[in-house]
Amino acid sequence: MSWALLIAQIQFLPDQASKMAGRVDLLFIYLIAITGTVTLAVAGVTLFFLAKYRRNAAADRSPPASSSLPVEITWSVIPLVIFIALFGFGAKIYFRESVDPRDALEVHVIGKQWMWKLEHLQGKREINELHVPLDQTVKLVMTSQDVIHSFFLPSFRIKEDVLPGRYTTQWFTPQKVGTFPIFCAQYCGTNHALMIGQVVVLDAADFAAWLRTGRETASVAQRGEQLFHSLGCSGCHSPQAAVRAPLLEGLYGSRVPLTDGRIVNADMRYIRDCILLPKTEIVSGFDPVMPSFQDRVSEDELFALITYIKSIGSPQPEVTVPDR
Ligand code: HEC
Ligand SMILES: [Cu+2]
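Not measured: the values here are computed from a predicted model. (Residues numbered from 1 in each chain as written. Chains lettered and ligands numbered in written order. Predicted model: local features only at pLDDT ≥ 70, side-chain atom pairs only at ≥ 80, totals over all residues. Heavy atoms only, no water.)

Draft legend 1. Summary view of the layout of surface pockets. What the second largest pocket holds in volume is close to 600 Å³. Along its surface, the second largest pocket is lined by 33 residues, and H237, A245, P246, C274 and M290 are the ones closest to its centre. Elements represented by at least two residues in the lining of the second largest pocket include exactly α6 (233–236), α7 (268–276) and α8 (299–311). Broken down by element, the lining of the second largest pocket gets its largest block of residues, four residues, from α7. (1 Å grid on protein atoms, 1.4 Å probe; cavity = no way out; pocket = protein on both sides within 12 Å on 5 of 7 lines; lining within 4 Å. Points joined across faces, edges and corners; volume = space filled by probe spheres on them. Helix = DSSP H or I, 4+ residues; strand = E, 2+ residues; numbered from the N terminus.)

Draft legend 2. Region of interest: the site of ligand 1. In the region of ligand 1, 23 residues are neighbours, and C233, C236, H237, Y270 and M290 sit closest. Within the backbone of V283, an N or O atom sits 3.0 Å from an oxygen atom of ligand 1. Structurally, ligand 1 is housed in the second largest pocket. The set of elements that each furnish at least two residues to the shell around ligand 1 consists of α6 and α7. Take the shell around ligand 1: its biggest share by element is three residues, from α7. Of the residues in the shell around ligand 1, the class split is 18 nonpolar, two polar and three charged. (Near = heavy atom within 4 Å. Polar contact = N/O pair within 3.5 Å; in protein donor to acceptor, adjacent residues only side chain to side chain. Sits in = over half its atoms within 2 Å of the grid points. Nonpolar A, V, L, I, M, F, W, Y, C, P; charged D, E, K, R; others polar.)

Draft legend 3. Summary view of the coordination of the iron atom of ligand 1. Donor atoms from the polypeptide that coordinate the iron atom of ligand 1 comprise H237 (NE2) and M290 (SD), at 2.0 to 2.1 Å from the metal. Around the iron atom of ligand 1, the six donor atoms sit at angles spanning 86 to 178 degrees, and that spread fits a shape best called octahedral. Of this pair, H237 sits in the loop between α6 and β11 (255–257) while M290 is found in the loop between α7 and α8, placing the two residues 53 residues apart along the sequence. (Donors = N, O, S within 2.8 Å, 3.2 Å for Na, K, Ca; no water. Tetrahedral: all angles 85-135°; square planar, octahedral: opposite > 155°, others 65-115°.)

Draft legend 4. Main features of the coordination of the copper ion (ligand 2). Bound to the copper ion (ligand 2) are the protein donor atoms H149 (ND1), C184 (SG), C188 (SG) and M195 (SD), situated 2.0 to 2.6 Å from the metal. Each of the four donor atoms bound to the copper ion (ligand 2) contributes to angles spanning 93 to 126 degrees, and the resulting shape is tetrahedral. Look at where the donors of the copper ion (ligand 2) fall in the sequence and you get H-x34-C-x3-C-x6-M. Separated by 35 residues along the polypeptide, H149 in strand β6 (residues 149–153) and C184 in strand β9 (residues 178–184) bring together distant segments of the chain.

Draft legend 5. Region of interest: the sheet that holds strand β8 (residues 168–172). Spatially, the five strands line up as an open sheet ordered β3-β2-β1-β5-β8, and their pairing is mixed. A strand with exactly one partner marks an edge of an open sheet, and here the two such strands are β3 (125–127) and β8. Each adjacent strand pair in this sheet contributes to an overall mean axis angle of 25 degrees, direction not counted. (Pairing = 2+ DSSP bridges. Axes fitted to C-alpha atoms, helices over the stretch in contact; angles between N-to-C directions.)

Draft legend 6. Structural view of the pattern of salt bridges. According to the stated counting rule, one finds twelve salt bridges in the structure shown. For E281, the salt bridge is made with R269, and the minimal N-O distance between the two is 3.0 Å. Here R269 lies in helix α7 and E281 lies in the loop between α7 and α8, a separation of twelve residues in the sequence. Residue classification places E281 among the buried residues on the basis of a relative accessible area of 8%. Taking the relative accessible area as the measure of exposure, R269 reaches 29% and is therefore partly exposed. In the salt-bridge network here, residues are joined through shared partners; they are E119, R125, R223 and D300. (Salt bridge = Lys/Arg side-chain N within 4 Å of Asp/Glu carboxyl O. Buried < 20%, exposed > 50% of the residue type's maximum accessible area, 1.4 Å probe, protein only.)

Draft legend 7. Looking closely at the nonpolar core. Of all hydrophobic cores here, the largest spans 31 residues; its most connected members are L251, V256, Y270, I271, I275, V297 and L305. Taken together, the elements giving at least two residues each to this core come down to α5 (220–230), α7 and α8. By residue number, the principal contributor to this core is α8, which donates seven residues. Taken domain by domain, this core gets at least three of its residues from each of domain 1 (105–212) and domain 2 (220–311). Counting 23 residues, the second-largest nonpolar core is a separate cluster that includes V107, L140, M142 and L153. (Core = buried A, V, L, I, M, F, W, Y, C linked by side-chain atoms within 4.5 Å. Domains from an automatic or database assignment.)

Draft legend 8. View of the packing of aromatic side chains. As enumerated under the stated definition, the model contains twelve aromatic pairs in all. Where F152 meets F183, the ring centres are 6.3 Å apart and the plane angle is 45 degrees; that geometry is what we call tilted. Residue F152 is found in strand β6, and its partner F183 is found in strand β9; the two are separated by 31 residues along the sequence. For F152, a relative accessible area of 25% corresponds to the partly exposed category. Take F183: its relative accessible area is 34%, and that puts it in the partly exposed class. Their ring planes at 55 degrees and their centres at 5.3 Å tell us that F228 and Y308 sit as a pair that is tilted. Pair noted here: F228 is in helix α5 and Y308 is in helix α8, with a separation of 80 residues, a long-range link. We note that F228, like Y308, is buried. Among the aromatic residues, ring-to-ring pairing joins F48, F49 and Y53 into one connected group. One cation-aromatic arrangement involves K159 over F152; the distance from NZ or CZ to the ring centre is 5.0 Å. The aromatic ring of Y167 is capped on one face by R272, whose charged end is 4.9 Å from the ring centroid. (Phe/Tyr/Trp six-rings, centres within 6.5 Å; stacked < 30°, edge-to-face > 60°. Lys NZ or Arg CZ within 6 Å of the ring centre and 35° of its normal.)

Structural data, given as structure tokens:
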């Protein structure tokens, strides 16, 4: 490869493929500019004094005059403003990213050694590849079925840890048609470096066509409903059941009083824990008779059950404020 070609390949930053990318880059450049300026200034002054006060130079070595208040104030206030601005800028982006968007396409992500399994709510599944439509906000709900991974989409300026036993979310709005890399950014064992893939951004029509390809699959909610029957959930959670258990219609997004006096948001975390750790949060007024399904359901079955419970969920909007 010639030098010109090699240099043409060097990019200071990855593609800006999401709406957030420009803002993140601006913050990054601001940070580099400030720290670069300070570094150069300190190095410059150091070199200047090295030369000025070198041995045998005819410089004035008498102790300095007493300090000057205006100088002290100037060099305290100006850096303060510069660094507070940095904080404000970063906080603004952070808060924007932390609030879950409404009306987003939900995609489930399961990390495992050493691949990414992705699932669209319509039921379509992918491995190491994520197809998304242009200009549509995509919300990722992620978990791991083994160790800690990290879902990293550099072109969308998104990186989030993917943890066993927990759901983490991230979202982005693709702004450019094309393919962009997926990496795992958390060392997760031998083949960590091979845990890569690509995001394929299609325009709306191409995306709709892509969704129709392949064989017809049940939606995630439909699979959840089947599981709800085959695992015996419906044996307790139905009006005809002999056991007294709460009905799950309208549960998602509501607030649930527990026997210990707490009131919790019925979000994905809560429903997941109800299924795996039923003894930790007992709904007020019910007996703790629900068995744990800890080793009986896989991560994608959990997604399906929760999506089904969501689908029979609440008329009110989804709870977006976390418990903490
Ligand atoms: C043996 C009967 C029984 C079975 C089987 C059962 N549950 Fe339960 N479930 C209960 C009872 C009783 C409660 C209320 C007490 C508690 O919180 O543990 C409950 C609570 C829940 C809650 C919290 C409800 C609320 O109003 O906050 C969820 C969610 C739930 N179960 C889901 C499931 C799912 C999904 C399955 C199947 C994988 C399942 N349950 C299987 C008896 C059962
Ligand atoms: Cu990994």
